[in-house]
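Geometric and topological summary
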Amino acid sequence: MHRGIRQLPADLAAALAVVAVTDVAALAPVIRETPVRVVFGLAFVLFVPGYAFVAALFPERSVTPLLFDDEDRTANDEVADDEIAGDRGIDGLERVALSFGLSIAIVPLIGLVLNFTPWGIRLVPILLSLSGFTIVAVAVAAYRRWDLPIEERFRVPYREWVAAGRAELFAPATRTDAVLNVALVASVLLATSSVGYAVLVPQQGEQFSEFYLLTEDDDGELVADNYPTEFTVDEGRPLVVGIGNQEHERTNYTVVSQLQRVRMANSSSAVIRSSNSSTATAPVSSTVERSERLATFSTTLGHNESWHNRYTVAPTFEGQDLRLLFLLYRGSPPEEPSIDNAYREVHLWVNVTA
């Protein structure tokens, strides 16, 4: 296929341009935080893969059959009609509708395949897969068009569309047509601006951060079970500290780990039993008798991102029923971190021997 990039059909070149701009907008450090990512991402996911696939399937232009009177029909006309009836090309609205429909079908299928691969459904694998699919489809579409005679190749009639639109808008046949044209343009502008506002300024739901502890099972999977409770002084045991950002903005987090000896003010009545044999916990006030900071670590997460830190807990003093405390802060922690001034906290009750 000895063709230069200049000979690539304009619509296929535009599809490749959208792929390139979308990849940059989704991955570039600064641009990915702007609305450009959303605008090109929607066009890329909802239209471009399907359009490239349709272009590969139907490289021919559609021919509209002419109507002939029976007396004007000749043998040559009948042959021409047979050729037109066998035409497989599509144009205009059919091509656009198929592009949207196939994109909606292709993208989930690619995601389903990725779900069964080691890469999973993540941003970079999705981008690479959709980009690769679109590029291959564009290459096939270009080859199949070049293989056809020029008069049979599909082309987007930009000039005809512009000329027809200009004539309809600025030189309407009647005053009624002029009023309808103005109403149509206003409706399109209103619909476009409404959709653009909904996409670029989405309504934010509840803002919160997830904060949790995990352990690794025998298969290396992270689970919320089998937490270590027996420690030895200065001998570490692993834990995984997890954070999930649902704040709808990029957030800096700091985690402070402490080991505390706590005295419960009403420990004798901390657990009570009701008349129906169910167990309830009474309010308990506590006093921290000793507290030592074990570690401090930080991270920065974008919205809907998560982070796991494998941390080795090494207690510095011994005791029974000590509180292994993890405090989460947005930004920097205060000079004296505590449960009262933390954004989130999780803890384990542990025993530490010498």
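Residues numbered from 1 in each chain as written. Predicted model: local features only at pLDDT ≥ 70, side-chain atom pairs only at ≥ 80, totals over all residues. Heavy atoms only, no water.

1. Some remarks on the overall build of the chain
Along the chain, the regular secondary structure elements total eight helices and 11 strands. Intrachain contacts of the chain at a sequence separation of at least 6 include 75% that bridge at least 24 residues. For the chain, the accessible area works out to roughly 22,400 Å², and carbon and sulfur atoms hold 58% of it. (Helix = DSSP H or I, 4+ residues; strand = E, 2+ residues; numbered from the N terminus. Contact = heavy atoms within 4.5 Å. Areas by Shrake-Rupley, 256 points an atom, 1.4 Å probe, with all protein chains shown as cover.)

2. Some points on the pattern of salt bridges
Summed over all chains, the structure comprises five salt bridges. Arg145 is the salt-bridge partner of Asp11, the closest N and O atoms lying 2.8 Å from each other. Of this pair, Asp11 sits in helix α1 (residues 10-27) while Arg145 sits in helix α6 (residues 123-146), placing them 134 residues apart in sequence. For the pair Asp11 and Arg145, one class covers both residues: buried. Here Arg330 ties to Glu247 by a salt bridge, and the two come within 3.4 Å at their closest N and O atoms. On the criterion of sequence distance, the pair formed by Arg330 in strand β10 (residues 319-330) and Glu247 in the loop between β4 (237-246) and β5 (251-264) is long-range, its members being 83 residues apart. According to the relative accessible area criterion, Arg330 is partly exposed, its value standing at 46%. Accessibility expressed as a relative area gives 3% for Glu247, which makes it buried. (Salt bridge = Lys/Arg side-chain N within 4 Å of Asp/Glu carboxyl O. Buried < 20%, exposed > 50% of the residue type's maximum accessible area, 1.4 Å probe, protein only.)

3. Topic: the environment of Glu216
Examined against the element boundaries, Glu216 turns out to sit in strand β1 (residues 208-216). Sequence separation between Glu216 and Leu239 is 23 residues, and the spatial gap between their C-alpha atoms is 7.9 Å. Setting aside residues up to four positions removed in sequence, Glu216 forms contacts with Glu221, Leu222 and Arg310. A distance of 2.6 Å separates polar atoms of two side chains, one belonging to Glu216 and the other to Arg310. (Polar contact = N/O pair within 3.5 Å; in protein donor to acceptor, adjacent residues only side chain to side chain.)

4. Focus on the pairing of β10
Burial analysis of β10 places nine of its 12 residues in the buried class, which makes it a mostly covered element. Pairing between β5 and β10: eight bridges, direction antiparallel. In the sheet register, Leu259 faces β10, and the bridge partner there is Leu324. Relative to strand β11 (residues 344-353), β10 is paired through eight bridges, and the arrangement is antiparallel. Residue pairing across strands places Leu324 opposite Leu348, the latter belonging to β11. (Pairing = 2+ DSSP bridges.)

5. Quick word on α1
Look at α1: 26 Å from first C-alpha to last across 18 residues, which is about the 26 Å you get at 1.5 Å a residue. Burial in α1 covers these residues: Asp11, Leu12, Ala15, Val18, Val19, Thr22, Ala25 and Ala26. All buried residues of α1 lie within an arc of 150° about the axis, which places them on one face of the element. (Expected span 1.5 Å × (residues − 1). Arc of directions from axis to C-beta.)

6. What about the sheet that holds strand β9 (residues 306-313)?
Within the open sheet, the four strands sit side by side as β2-β1-β4-β9. Their pairing is antiparallel. Two strands bound the open sheet, and with one partner strand each, they are β2 (222-223) and β9.

7. What about α6?
Between its first and last C-alpha, α6 extends 34 Å over 24 residues, near the 34 Å set by a 1.5 Å rise per residue. Turning to α6, its buried residues number three or more, namely Pro125, Leu127, Leu130, Ser131, Thr134, Ala137, Val138, Ala141, Ala142, Arg145 and Trp146.

8. A short note on a negative patch on the surface
A contiguous patch of negative charge on the surface is contributed by Asp217, Asp218, Asp219 and Glu221. By the secondary structure assignment, Asp217 is in the loop between β1 and β2. (Patch = residues over 30% accessible without salt bridge, like charges linked within 9 Å, V, L, I, M, F, W, Y side chains within 5 Å. Lys, Arg positive; Asp, Glu negative; His and termini not counted. Charge placed at Lys NZ, Arg CZ, Asp CG, Glu CD.)

9. Let's talk about the confidence of the model for the chain
For the chain, per-residue confidence averages 80 on the pLDDT scale, and residues scoring 70 or more make up 79% of the total. Looking at the elements of the chain, mean pLDDT is at its lowest for strand β6 (residues 271-273), recorded as 35, and at its highest for β10, recorded as 94. Low pLDDT, under 50, characterises residues 65-86; the predicted model gives this stretch seven contacts beyond four residues in sequence or across chains. (pLDDT = per-residue confidence, 0-100.)

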